[in-house]
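These are the residues of each chain, in order.
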Amino acid sequence: MKKSVIRLKVNSGYQIVRKTKEVDLSTAFEILSSKQQKKYTEAVVYDDYAELVWHMVRCPYCGKETSLYEKENRGARRKFLSEEIAVKTGEQYSLLEKAEEHIVFHEEKQPAEIHICKKCRHSSEYSEDVSIITIIHDEKSINVFNVIRNMEDLLKVKWIDKISFDTIFPLCEKITFDFEKGKTFLFVTDKNEKVFSSKEVTQNIIDNRKSPIIDLISKSRRLKRSIKKEFTKRSEAYDFFYNECSFDRLLVFTRFGGFSKSFYEAAPYELTSYRIDGTFEESASQFNSLESAMQMLKESSLPDVKSVKRIFLDKQGLFFYIKECEKIYDVLNDVNLLCRVLTNENVYHILGKLHYCDGYICFYKDLCVREGKVNFCRFLLSHTFNLNQCAEKYCAKGKYMRERYMSELNVKEIVYGHYIVSGIKFFSVELPRMPEYIKDCSIGQFSFRNLITVDDFYIAGEKLNINVGWFDASVAVVIYQGEIVAAINVFERKILFVMTDKRMKENTPLYSAVKKWSEKYNLKFNYFE
């Protein structure tokens, strides 16, 4: 693989940007006599044109710009141009004769202590400092460097245990995504790459505030997208959610390489991050590539047949659950029935629950003996939640009471029971998918993406401040300029409702796009009826 080097300048804090544009006098009069006047700082008038000046606050993380005078402008009245400045000559307006050279609309303003961005909600202090970030991508790793120029910068690197005050600057904080080892490391090095301090962060949780480079990767959209491009050079499976990536996901992609997209979608993440759940660490430590995962499958007690291998290659998230699959096979002892379980849409519900409640397997074995393999398999696949509720009751009893419970258990309790099943839901659990004929697409400036797994729903819910994660119908999201602006609930060729952080209004670009999307796939849509 050819080595690549990228250098970026990333602002350390928010900046105030001065902008100007030159317009003819007629246009200047039209602009400055309207409500648009409020956003301008001043106008500089010349003989045959005018220069309009305004100031914007630029977020260092997402790059969004907002008016420096936005708060002041909310209740401000327009400063009307006097007749001495605006003189109508025929059909053309002109800024002539007694016009002042400068027309000031806002006095010079000092930067605020803290700026909170409306778009990404990150807070930042005013700073003219710029961080020089270098990304070096070679065959074995991706390295991201941040220059440490002085002691003040070094003190911000809080994960270091000891700091020497006779240090010679400049230094570098470096993060290395090592694909060969499947690990991620933090380093502080000098210009000759001599290591002063190091820390492995593959699975260790580290506060962003303790590492400036991790904080920049987590917050700077421009930096994240540059790193994303380097990751996708290694594999098309490294496809991030809505053009974004989190630092946790980068750790997962580094640790497990060569898998398909289904693997990363179905990995058992912790509930509030993309880190692998700690209870799966023993299984996860045995493989970091598809080859090592297939070797682990071969060494397991599962049948070494093509049908089972094919299923694991198709649903690669199953590699995390090999032990649970062994237990299911031990109960069924039938390859065909095992394949039925592994290809079922509820397989991650079954294996995930068995992972946390391995005592269920005793109930499974006894029920299989009583009802037979085929009937037990039918209960497991068609009545998963009710069966597990019975398993909970069974596991809570002593040996004698278990035998009694099993002998008195009515099959109708499994088939027709209505239980509310509580417990941990993994991101690997798949939710109702869109019909195959509804594809990801773009309409105008809006993108439509179908949600697949719980992590998709979780992120969408966070963005819209609503819970879209537990619907019985399929959900697609609408994305505008990289942000989720709406979620669409679809059931049986009908849009049940459209969820946004604010009520969607008719005759808006968003409504028009959703309407066209519904017509494209022949979905019934009566939002305002």
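Residues numbered from 1 in each chain as written. Predicted model: local features only at pLDDT ≥ 70, side-chain atom pairs only at ≥ 80, totals over all residues. Heavy atoms only, no water.

**Structural notes on the overall build of the protein chain**
Threshold: By the criteria applied, helices consist of DSSP H or I runs no shorter than four residues and strands consist of E runs no shorter than two, each listed in order from the N terminus. Only protein chains enter the calculation, and the probe is 1.4 Å; a residue is then buried if its accessible area is under 20% of its type maximum, exposed if over 50%, and partly exposed in between. In what follows, residue pairs with any heavy atoms lying within 4.5 Å of each other are defined as contacts. Computed with the Shrake-Rupley method and a 1.4 Å probe, the accessible areas treat only the protein chains shown as cover for residues.
Assigned secondary structure in the protein chain consists of 20 helices and 20 strands. Within the protein chain, buried positions represent 50% of all 529 residues. Pairs at least 24 apart in sequence give 64% of the contacts found in the protein chain among residues at least 6 apart. Entry remark: accessible area of the protein chain is about 28,200 Å², with carbon and sulfur atoms responsible for 47%.

**A look at the sheet that holds strand β16 (residues 441-443)**
Spelled out, the test is: By this definition, two strands are paired if DSSP reports at least two bridges between them. Lines fitted to C-alpha atoms define the axes here, with helix axes fitted over just the stretch in contact, and angles between the N-to-C directions of these axes take values from 0 to 180 degrees.
With respect to topology, 5 strands assemble into an open sheet ordered β16-β17-β18-β19-β20, the strand pairing being antiparallel. Each having just a single partner strand, β16 and β20 (495-499) make up the two edges of the open sheet. Pairwise comparison of adjacent strand axes, ignoring direction, gives a mean angle of 25 degrees for this sheet. When strand β17 (residues 446-450) meets strand β18 (residues 474-480), the two strands line up antiparallel, connected through 5 bridges. Bridging from a neighbouring strand, Phe-446 pairs with Tyr-480 of β18. Here helix α20 (residues 509-520) sits on the sheet and contacts β16, β17, β18, β19 (483-490) and β20; the angle it forms with β17, its principal contact strand, is near 50 degrees.

**A short note on a nonpolar patch on the surface**
Quick note on the threshold: Only residues whose relative accessible area exceeds 30% and that form no salt bridge are eligible for patches; like-charged ones are grouped when within 9 Å, while nonpolar side chains (Val, Leu, Ile, Met, Phe, Trp, Tyr) are grouped when within 5 Å. The working definition used for a salt bridge is a side-chain nitrogen of Lys or Arg within 4 Å of a carboxyl oxygen of Asp or Glu.
Nonpolar side chains collect at one region of the surface, where Phe-491, Leu-496 and Phe-497 lie side by side and expose about 250 Å² of accessible area between them. Along the chain, Phe-491 falls in the loop between β19 and β20.

**Describing helix α13 (residues 347-356)**
Judged by how many residues are buried, α13 sits mostly within the fold: 9 of 10 residues are covered. Residues of α13 that are buried in the fold lie against α7 (261-266), α11 (322-332), α12 (335-342), α14 (360-371), α15 (373-382) and α16 (384-395).

**Focus on α15**
If you check which residues of α15 are buried, you get Phe-376, Cys-377, Phe-379, Leu-380 and Leu-381. Residues of α15 that are buried in the fold lie against α11, α12, α13, α14, α16 and α18 (411-415).

**Points about the confidence of the model for the protein chain**
Operational definition: A residue's pLDDT is the confidence the predictor assigns to it, expressed on a 0 to 100 scale.
Residue-level pLDDT values for the protein chain average 83, and 87% of them are 70 or greater. Here residues 82-99 is a poorly scored stretch, pLDDT under 50, and it has 24 contacts once near neighbours within four places are set aside; other chains count.

**Observations concerning the pattern of salt bridges**
Inspection of every chain in the model, using the stated rule, returns 15 salt bridges. Close ionic contact of Lys-365 with Asp-330 constitutes a salt bridge, the shortest N to O distance being 3.4 Å. Highlighted residues: Lys-365 in helix α14 and Asp-330 in helix α11, separated in sequence by 35 residues. Owing to a relative accessible area of 37%, Lys-365 belongs among the partly exposed residues under this scheme. Of the charged contacts, one joins Glu-392 and Lys-353 as a salt bridge, the two residues approaching to 3.8 Å between their closest N and O atoms. Taken as a pair, Glu-392 in helix α16 and Lys-353 in helix α13 lie far apart in primary sequence, 39 residues in all. Taking the relative accessible area as the measure of exposure, Glu-392 reaches 30% and is therefore partly exposed. For Lys-353, a relative accessible area of 15% gives the class buried. One connected set of salt bridges, linked through shared partners, spans Lys-19, Arg-58 and Glu-65.

**What about the nonpolar core?**
Here is the rule we go by: Only buried residues count toward a nonpolar core, which is a set of Ala, Val, Leu, Ile, Met, Phe, Trp, Tyr and Cys residues joined through side-chain atoms within 4.5 Å.
Ranked by size, the top nonpolar core spans 95 residues in total, and within it Phe-363 and Tyr-364 carry the most contacts. Core analysis: the second largest hydrophobic core is formed by 22 residues, Phe-446, Leu-510, Tyr-521 and Phe-525 among them.

**Examining the pairing of strand β3 (residues 42-45)**
Residues of β3 alternate between two faces, with Glu-42 and Val-44 on one and Ala-43 and Val-45 on the opposite face, all of them buried. Looking at chain direction, β3 and strand β4 (residues 49-58) are connected through 4 bridges and run antiparallel. Looking at the pairing, Ala-43 lines up with Leu-52 of β4. Bridge analysis of β3 against strand β8 (residues 102-104) gives 3 bridges, and the strand direction is antiparallel. When the bridges of β8 are listed, Val-44 appears paired with His-102.

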